[in-house]
Amino acid sequence: MKKSFPANINGTVFYIDEDAYNQLNTYLEQIRNAFSDNDGDEIISDIEARISEHFSERVQQGPAVITIKDVNDVINKMGRPSQITGNDNDDNSSSNDASTSATPPPFQASNTTQNKRFYRSADNKVFGGVLAGLGLYLNWNITILRVLTVVLCLCFGSLFWSVILLYLLTWMIVPPAVTPLQKLEASGQPVTMNNLGQTVINNNIPNNDGVDFISKVLSILGKLVIGFFGMMAGISIIIALWFFICCISGIVSSLAWGSTYWFDLLDWEHVGNPNIFGLGCAFLILSCIIPAIGIFWGACCVFFKAKGASRTLMITAIVLEVIFIVATLVAFTYYKTHIDSYALISPVIASFSTLHLC
């Protein structure tokens, strides 16, 4: 009979037996000793996240307790710290602790392949890094992909707004590859100690070899385009807010005093229910304001290094956008139906009234 301990790994609690706990603790201590510089915390966090993923898959397939075999399998896949540092002292310094476990620490590296994940590129981006991340995911040349996208938008005008909308949605939904773990997953490389360390080393060395003339030109043009659209979005937000105030004021004044003054400012033709018309206009304006705010915010992120929106905020904005679009369609559909019905029955009512008076 063995003791088991609850262990919190990257926010997930696993039950692990005593030998496996000692083995894993020794392994993580070796990693901390090998990566004790400023980037060490980031690497350790990525490694713990990867270990947590392996253990979660293991728990779903069998018993809930992590054994030393499971720990050995993870270490085989991750590799050992000495593969980066070129120094085996870290392993030898912990040999006494490791000898207490049932199985010696396995330090053979593994060539396990890693499934690719789609991330936005944070290192080679023009706007949000969507095309750079897509090129990396598909193993396409990023410059060719960018040029092809621009040519398609210019040659086929009908695709322009569809591409812009799809790009913005992808920008909001897909996370950027920031940590070494995410960058390895984006390129499909095995998540090993060697690759993690090499990723950190490459991040600390300025590299402009991959930035060619076309990429620089596209980057400049991209900033000009997003600056123009950001300015137009800011102006549109101010105008849309004025119309929104008119709609809300019109609904309030119509319900309270029967006045349509604010609707007259919108050049309303006095047909149908003014409150339904004003409500539909208000929902329509809100559905336009949300993407305008997104474009303006994106421009601020590019030019003023403003903090990007969180994933929760992006998802909330998308949900609200869908709600406002549906509400707009419902309101104007009801408004149009009311007008058609009134136009159909109004002659009958007028004839009936005339006969009744006679």
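Let me sum up the structure you'll find in this document. (Residues numbered from 1 in each chain as written. Predicted model: local features only at pLDDT ≥ 70, side-chain atom pairs only at ≥ 80, totals over all residues. Heavy atoms only, no water.)

Next up on the list: a nonpolar patch on the surface. A cluster of nonpolar residues, F228, M231, M232, I235, I239, W242 and F243, forms a patch on the protein surface that exposes about 680 Å² of accessible area. Among the structural elements, F243 can be located in helix α12 (residues 213–257). (Patch = residues over 30% accessible without salt bridge, like charges linked within 9 Å, V, L, I, M, F, W, Y side chains within 5 Å. Areas by Shrake-Rupley, 256 points an atom, 1.4 Å probe, with all protein chains shown as cover. Salt bridge = Lys/Arg side-chain N within 4 Å of Asp/Glu carboxyl O. Helix = DSSP H or I, 4+ residues; strand = E, 2+ residues; numbered from the N terminus.)

Looking now at the pattern of salt bridges. Applying the stated criterion across every chain yields a total of four salt bridges. Here D70 and R58 are joined by a salt bridge, their closest N and O atoms 2.8 Å apart. Here D70, found in helix α3 (residues 68–78), pairs with R58, found in helix α2 (residues 40–61); they are 12 residues apart in sequence, far enough to count as distant. A single burial state applies to D70 and to R58, both of which are buried. The salt bridge involving K69 is made with D73; its shortest N-O contact spans 3.3 Å. (Buried < 20%, exposed > 50% of the residue type's maximum accessible area, 1.4 Å probe, protein only.)

Bringing the environment of L286 into the picture now. With respect to the helices and strands, the residue L286 is situated in helix α14 (residues 274–304). The exposure class of L286 is partly exposed, given its relative accessible area of 22%. Once the C-alpha coordinates of L286 and L320 are considered, the two residues, 34 residues apart in sequence, prove to be 9.1 Å apart. When neighbours within four sequence positions are excluded, L286 is seen to be in contact with F244, E321 and F324. (Contact = heavy atoms within 4.5 Å.)

If you walk through the whole model with that rule in mind, you get seven aromatic pairs. Arranged with centres 5.7 Å apart and planes meeting at 75°, the rings of F14 and F55 form a pair that is edge-to-face. Taken together, the residues F14 in strand β2 (residues 12–17) and F55 in helix α2 connect sequence positions 41 residues apart. With respect to class, F14 is no different from F55; both count as buried. One aromatic cluster is present, built from ring pairs that chain together F277, F332 and Y335. (Phe/Tyr/Trp six-rings, centres within 6.5 Å; stacked < 30°, edge-to-face > 60°.)

A separate point is the nonpolar core. Grouped together as the largest cluster of nonpolar side chains are 21 residues, with contacts concentrated most on I16, L24, I31, I51, F55 and V71. At the level of secondary structure, the elements contributing two or more residues to this core comprise β1 (4–9), β2, α1 (18–34), α2 and α3. Take this core: its biggest share by element is six residues, from α1. Core analysis: the second largest hydrophobic core is formed by 10 residues, F263, F277, A282 and I289 among them. (Core = buried A, V, L, I, M, F, W, Y, C linked by side-chain atoms within 4.5 Å.)

Bringing the sheet that holds strand β3 (residues 65–66) into the picture now. Strand pairs in the sheet, formed through backbone hydrogen bonds, run parallel or antiparallel to each other. Ordered in space as β1-β2-β3, the three strands form an open sheet in which the pairing is mixed. Looking at the sheet topology across the chains shown, the edges are occupied by β1 and β3. With six bridges joining them, β1 and β2 adopt antiparallel strand pairing. In the strand pairing of β2, S4 is matched with D17. (Pairing = 2+ DSSP bridges.)

Running from N to C, helix α7 (residues 130–138) and helix α8 (residues 142–155) cross one another at 125°; their axes reach a closest spacing of 9 Å. Taken together, α7 and α8 sit at an angle that is classed as oblique. In the crossing of α7 with α8, the sense of the turn from one axis to the other is right-handed. In this structure, α7 uses L131, A132, L134 and G135 to contact α8, whose residues at the interface are I142, L145, R146 and T149. Its residues assigned to classes, the contact of α7 with α8 comprises five nonpolar, two polar and one charged. (Axes fitted to C-alpha atoms, helices over the stretch in contact; angles between N-to-C directions. Parallel < 35°, antiparallel > 145°, perpendicular 65-115°, else oblique. Left-handed = near helix turned anticlockwise from the far one by under 90°. Nonpolar A, V, L, I, M, F, W, Y, C, P; charged D, E, K, R; others polar.)

Coordinates in, geometry out; function isn't part of it.
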